[in-house]
Amino acid sequence: MSKTWRPATQLVHGGTLRSQFGETSEAIYLTQGFVYDTSEAAEARFKGETDGFIYARYGSPTNDMFEKRMCALEGAEDARATASGMAAVSAAILCQLKAGDHIVAARALFGSCRWVVETLAPRYGIECTLVDGRFVENWEKAVRPNTKLFFLESPTNPTLEVVDITAVAKLANQIGAKVVVDNVFATPLFQKPLELGAHIVVYSATKHIDGQGRSLGGVILSDKQWIDEQLQDYFRHTGPAMSPFTAWTLLKGIETLPLRVAQQTVNAAKVADFLAEQGSKVARVIYPGRKDHPQADIIAKQMSGGSTLVAFELKGGKEAAFKLQNALEIVKISNNLGDSKSLITHPATTTHKNLTDEARAELGISPGTVRFSAGIEDSEDLVEDFARALAQVSA
């Protein structure tokens, strides 16, 4: 595989293995285990003296292809594919911490991510401090002698705040901590956290990577030393492995990632611009591709494109949000994102419903906040769909 290949080529050909049959499409190796020519060969493989697969929970040829393809796209040395995005988040955090360690995390996180750092980790004696991640001084103030990990999303779910990854990584390096970045909203096409100084990147492959509503999956990417020394034993013994069939599905999905994300981004930008003109009904629009984003300077520094998602707030609160969503015809109500179909979500009653009213207010999630995930439909059809639906919302 050539290192000079551009993303669109890497995502079709990167990491491909072929059997003796010379298949065009990647093969699915639906097997739990593997056989050895001799007892000595089995012993050597378990000792790590020879390469090869041992058990599907540890890895398989199909998973290996998906991991290598993601590494080529991300610029990572190694990766492990997991059964879901949250399996990736949990493994990336817990595999490297112990009782007495301390996490600093941006408070603007997906609800399940907040539960892992705020509720689950403390059960095992791991402390956590949540901060407003937009300002690096907040990270500095939260650091303790036992701080071992920084965790963040950028852009954030659902309000599309942005964290200065380079600044946070610089601070982490000064204190010997690791930075884990959930890069789902930016996609690996628009943002490269490892190049910005982060140490570990996680994805819910359920989102853009599959992008067609078929499969749950996740992936963790980092340098080979960290994978070998921190993640590998956790991964082998706790079993968050991805199914080979899922890995094959994701290999097929990732081939079209650049095409889908390009159209989704065009659609998101056009819908964001349309909504920004609806001042009588829309209080604010947050989109990383617009110059009026509060952190446009950081976006210009670390992202090469906007996003496939738009956050906006309706003046009429929950009633207006529900009326809009119910009136849309093309855009479907769903808590998923990054799909070929355009989707819309009311975070306060779905993805972030378990947060307190105060916590949602801190994150800028009001009863009128709506998250739109652009699909690959025609842009004008989407704008017209929103225009029709907004006409039914009282000013």
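Residues numbered from 1 in each chain as written. Predicted model: local features only at pLDDT ≥ 70, side-chain atom pairs only at ≥ 80, totals over all residues. Heavy atoms only, no water.

## Quick notes on the overall build of the protein chain
Each helix and strand counted, the protein chain has 16 helices and 12 strands in total. Its C-alpha atoms give the protein chain a radius of gyration of 22 Å, within 12% of the compact-globule value 21 Å for 395 residues. Along the first, second and third principal axes, the C-alpha set of the protein chain runs to 75 × 55 × 35 Å. A buried classification covers 56% of the 395 residues belonging to the protein chain. Considering only contacts within the protein chain whose residues lie at least 6 apart along the sequence, 73% involve residues at least 24 apart. Averaged over its 41 positive side-chain charges, the protein chain has a centre that lies 2 Å from the centre of its 46 negative ones. (Helix = DSSP H or I, 4+ residues; strand = E, 2+ residues; numbered from the N terminus. Rg over C-alpha atoms; globule rule 2.2 N^0.38 Å. Buried < 20%, exposed > 50% of the residue type's maximum accessible area, 1.4 Å probe, protein only. Contact = heavy atoms within 4.5 Å. Lys, Arg positive; Asp, Glu negative; His and termini not counted. Charge placed at Lys NZ, Arg CZ, Asp CG, Glu CD.)

## Quick look at the sheet that holds strand S9 (residues 309-314)
Sheet strands pair via backbone hydrogen bonds, and the direction of the pair is either parallel or antiparallel. Here five strands make up an open sheet; going across it, the order is S8-S9-S12-S11-S10 and the pairing mixed. With partners counted over all chains shown, the strands left at the sheet margins are strand S8 (282-286) and strand S10 (332-333), one partner each. In terms of strand pairing, S8 meets S9 through four bridges, oriented antiparallel. Each bridged residue has a counterpart across the sheet, and for Ile-286 the counterpart in S9 is Ala-311. (Pairing = 2+ DSSP bridges.)

## Some words on the side chain of Arg-69
With respect to the helices and strands, Arg-69 occurs in helix H3 (residues 61-74). Judged by its relative accessible area of 0%, Arg-69 falls in the buried class. Here Val-12 takes part through its backbone oxygen, which lies 3.4 Å from a polar atom of the side chain of Arg-69. Residue contacts for Arg-69: discarding those within four places in its chain leaves Gln-10, Leu-11, Val-12, His-13, Gly-14, Thr-16, Glu-26, Leu-251, Ile-254 and Glu-255. (Polar contact = N/O pair within 3.5 Å; in protein donor to acceptor, adjacent residues only side chain to side chain.)

## Here's the deal with the UniProt feature "modified residue: N6-(pyridoxal phosphate)lysine" (unreviewed entry) in the protein chain
Per the UniProt record, the feature "modified residue: N6-(pyridoxal phosphate)lysine" (unreviewed entry) sits at Lys-207. Note that Lys-207 resides in helix H9 (residues 206-210). For Lys-207, a relative accessible area of 17% corresponds to the buried category. Excluding anything up to four places from it in sequence, Lys-207 contacts Val-184, Asn-336, Leu-337 and Gly-338. (UniProt positions renumbered as here; feature names shortened; annotations may be inferred.)

## A closer look at unusual backbone geometry
Residue Ser-154 is joined to Pro-155 through a cis peptide bond whose omega torsion reads -10 degrees. Inspection of the secondary structure assignment puts Pro-155 in the loop between strand S4 (147-153) and helix H7 (165-175). Here the amide bond leading from Asn-157 into Pro-158 is cis, since omega sits at 10 degrees, within 30 degrees of zero. Of note, Pro-158 is situated in the loop between S4 and H7. Unusually for a residue other than glycine, Thr-187 sits at a positive phi of about 65 degrees. Relative to the assigned elements, Thr-187 resides in helix H8 (residues 187-190). Residue classification places Thr-187 among the buried positions, given a relative accessible area of 1%.

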